[in-house]
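Examining the three-dimensional arrangement
Here is how the chains run, residue by residue.
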Amino acid sequence: MFRNFAIVPRIIFGRGSFNQLDDILEEKRTTGGFMVFILDDVFKTKPLEGRLPLRGNDRLVHVNVDQEPKTGYIDALVEQINGFSEGSPDGIIGIGGGSTLDIAKAVSLLLTNPGSSADYQGWDLIEIPGVYKVGIPTLSGTGAEISRTTILTGPEKKLGINSDYTLYDQILLDPELVSGADPASRERPSFPRTPYHRDRAPVHTGPSGPREGWRVPPFLPRKCGQTHPSNHPPAR
């Protein structure tokens, strides 16, 4: 039985497309509402931070991704954002590398689903759509902007929150945002790695049920060394 995958419904790309972010968000803003911008702290006080279209009650949250995201970190961010207002934000905008984009996706989901992010590590455990979310990558090759998972390290396991609800509602791909990245990260090919993040699926069934693993898409050569994610350095 072939799986009928969902995918990000709205994509805008092109040099300078970041300048349209304000117009994109305008459609989702409500009276008295606010947006939350989740930004990799490497951009703190940098020009990109100054370009964010913050309005009115909008909030900017810097996140540190020196280590891979942990469920406890997600829970703390959700608590912080819940403290901004009695209602949920109009949207979450994640800007950064793969870990930052994963954080933004997880936060969006946990703002509408009760409990800890660790409760949802697995396959299709999310029952309620998250807050509207936009993903804006500043690195090429992580695949986080297009995937239906958000990889988190929990108290017992490192596993994704795999769900169609995890997908971004909108992604914005502007090569100008990648041009200032570390060359080793900027030049990492995005095509080979992205399908692995995109098609991460339970491929082994044991006594404890399906387990998550890497499935090599049929259109990729299995002997091509650069296609395996273990050959790529961790992306910030």
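Residues numbered from 1 in each chain as written. Predicted model: local features only at pLDDT ≥ 70, side-chain atom pairs only at ≥ 80, totals over all residues. Heavy atoms only, no water.

**Quick word on the confidence of the model for the protein chain**
The predicted model of the protein chain has a mean per-residue pLDDT of 83, with 76% of residues at 70 or higher. Counting contacts from residues 185-235, a segment whose pLDDT is below 50, to residues more than four positions away or on other chains yields 92 contacts. (pLDDT = per-residue confidence, 0-100. Contact = heavy atoms within 4.5 Å.)

**Some remarks on the sheet that holds strand E6 (residues 133-137)**
Taking strand neighbours across the sheet as the criterion, the six strands line up as E1-E9-E6-E4-E2-E3 in an open arrangement whose pairing is parallel. Of all the strands in the sheet, the pair left with one neighbour each is strand E1 (10-13) and strand E3 (59-63). This sheet shows a mean twist of 15° between the axes of neighbouring strands, independent of strand direction. Alignment of E1 against strand E9 (residues 170-173), held across four bridges, turns out to be parallel. Within E9, the residue paired with Ile 11 across the bridge is Ile 171. (Pairing = 2+ DSSP bridges. Helix = DSSP H or I, 4+ residues; strand = E, 2+ residues; numbered from the N terminus. Axes fitted to C-alpha atoms, helices over the stretch in contact; angles between N-to-C directions.)

**Quick word on the nonpolar core**
Of all hydrophobic cores here, the largest spans 30 residues; its most connected members are Ile 38, Ile 92, Ile 103 and Val 107. Of all the secondary structure elements, the ones that give two or more residues to this core are strand E2 (35-40), E3, helix H3 (71-82) and helix H4 (98-110). Looking at this core element by element, the count peaks at seven residues for H4. Val 107 has contacts with Ile 38, Ile 74, Leu 77, Val 78, Ile 81 and Ile 92, leaving out every residue within four places of it along the chain. Counting 18 residues, the second largest nonpolar core, distinct from the first, contains Phe 18, Leu 52, Ile 95 and Ile 136. (Core = buried A, V, L, I, M, F, W, Y, C linked by side-chain atoms within 4.5 Å. Buried < 20%, exposed > 50% of the residue type's maximum accessible area, 1.4 Å probe, protein only.)

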